[in-house]
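# Chain and residue survey
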Amino acid sequence: MPQPTDPNHRPRIGLALGSGSARGMAHIGILQALQERGIVPDIICGTSIGALVAAVHMADGLSTLENWVTKLQTRDILRYLGIKLLPGGGFADGQRLMQYLRDTFGEFRIEETPKPLCIVATDLVYGREVWLREGMIWEAVRASLAIPGILTPHKLNGRWLVDGALLNPVPVSVCRAMGADVIIAVNLNGDLLDRHMQPVLPAADSEPEIAGDDSSLMERVSSRLQHRTDSLMRAWFSSHNDSPSLADVIATSINIMQDHITRSRLAGEPADVIITPRLNSIGLFEFGRSPEAIAEGRAAVRRAKPAIDYALGIASQDS
């Protein structure tokens, strides 16, 4: 884009944080690397995992989030998501995860954040993009995180909302509408279709011990039913004889859709800079690889430095 003619004019920077599940931990490294270079976004828009990281950033909690996710394993995040049999349009309700976010980063409203923030979701009934700029922050994040078929839809302000990535995986258009002069977009799915599908759950545990005679009958029944539910979920989330699991089919189908939507939208609504971390080997729930994703986020900023400097009118310097 044309550079400002007034040397004292600082362009208003918009940051569009895209969707990508576990790959979204790269957003942490990207935000940290930009800040270390003195680049502070004036506007942040997030979709799905990008919405979660944007909300944590507004709470000044990136280091806390980094410390937490770098200790997580796949099994841990599945427990936080609440993977179980549900009647509500998904495998998980996410209640434990949302409670952790509230307890750790506090409850606040979107309109109270230090910088303008927008969280993108999708109206499940009308198929429309929804821009959430007011209301309780974690309610909006929960709606934007609702991957169809995995996390149950979230009812907010009378609307059933799901993952914003269905319509706007990298919300450049939202940043532009909110008044950004220069937009830095983060596309986590740029090389996604090259990866091979892999199981997203660890190997099954052995049959749990059933409580002894001093336990109640209900406790013993509950323990047995929980194990049966876990076994069923493991079957749904694990590959068998080289065939993809149910979770693989859902996730890969969404990846294909998001790849095509992202390419189309970025062609029609181009960002000034696109940061594309190389994350194609990281699967849907592989939060155990968060350190790798965070490091790659930092590396992606280094690779994008010439484009960032040009877009912002920064004199070229050695890294």
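Residues numbered from 1 in each chain as written. Predicted model: local features only at pLDDT ≥ 70, side-chain atom pairs only at ≥ 80, totals over all residues. Heavy atoms only, no water.

Applying the stated criterion across every chain yields a total of 13 salt bridges. Here arginine 265 makes a salt bridge to glutamate 129, at a shortest N to O gap of 2.9 Å. With arginine 265 in helix 9 (residues 246–268) and glutamate 129 in strand 4 (residues 128–132), this residue pair connects regions lying 136 residues apart in the sequence. On the basis of relative accessibility, which here comes to 24%, the residue glutamate 129 falls in the partly exposed class. Among the salt bridges present, the one from arginine 289 reaches glutamate 286, with a minimum N-O distance of 3.6 Å. Through salt bridges with shared partners, one network takes in Arg102, Glu107 and Glu139. (Salt bridge = Lys/Arg side-chain N within 4 Å of Asp/Glu carboxyl O. Helix = DSSP H or I, 4+ residues; strand = E, 2+ residues; numbered from the N terminus. Buried < 20%, exposed > 50% of the residue type's maximum accessible area, 1.4 Å probe, protein only.)

The subject of this paragraph is the confidence of the model for the protein chain. For the protein chain, mean pLDDT is 82; residues scoring 70 or higher make up 76% of the total. Across residues 196–215, where pLDDT falls below 50, the model places 43 contacts with residues more than four positions away in sequence or in other chains. A low-confidence stretch, residues 218–226 stays under pLDDT 50, and its non-local contacts, those more than four residues away or across chains, total eight contacts. (pLDDT = per-residue confidence, 0-100. Contact = heavy atoms within 4.5 Å.)

Here threonine 47 is to be found in strand 2 (residues 43–47). Threonine 47 has contacts with Leu17, Gly18, Ser19, Val120, Ser144, Asp163, Gly164, Ala165, Asn168, Pro169 and Pro171, leaving out every residue within four places of it along the chain.

In an α-helix, one full turn covers 3.6 residues, which means residues spaced three or four apart are oriented alike. For helix 1 (residues 26–36), the buried fraction is high: nine of the eleven residues fall into the buried class. Among all positions of helix 1, only Ala26, His27, Ile28, Gly29, Ile30, Leu31, Gln32, Ala33 and Leu34 are buried. One or two steps after helix 1, the chain reaches glycine 38, where phi turns positive at roughly 80°.

On to the pairing of strand 2, then. Taken across its five residues, strand 2 has five buried, putting it largely inside the fold. By the alternation rule, side chains of strand 2 split into Ile43, Cys45 and Thr47 and Ile44 and Gly46, which are all buried. With four bridges joining them, strand 1 (residues 13–17) and strand 2 adopt parallel strand pairing. Along strand 2, the bridge assignment pairs glycine 14 with isoleucine 43. Between the parallel elements strand 1 and strand 2, the chain passes through helix 1 in a crossover that is right-handed. With four bridges joining them, strand 2 and strand 3 (residues 117–123) adopt parallel strand pairing. Residue pairing for strand 3: cysteine 45 is matched across the bridge by cysteine 118. (Pairing = 2+ DSSP bridges. Right-handed = clockwise from strand over helix to strand, strands pointing away.)

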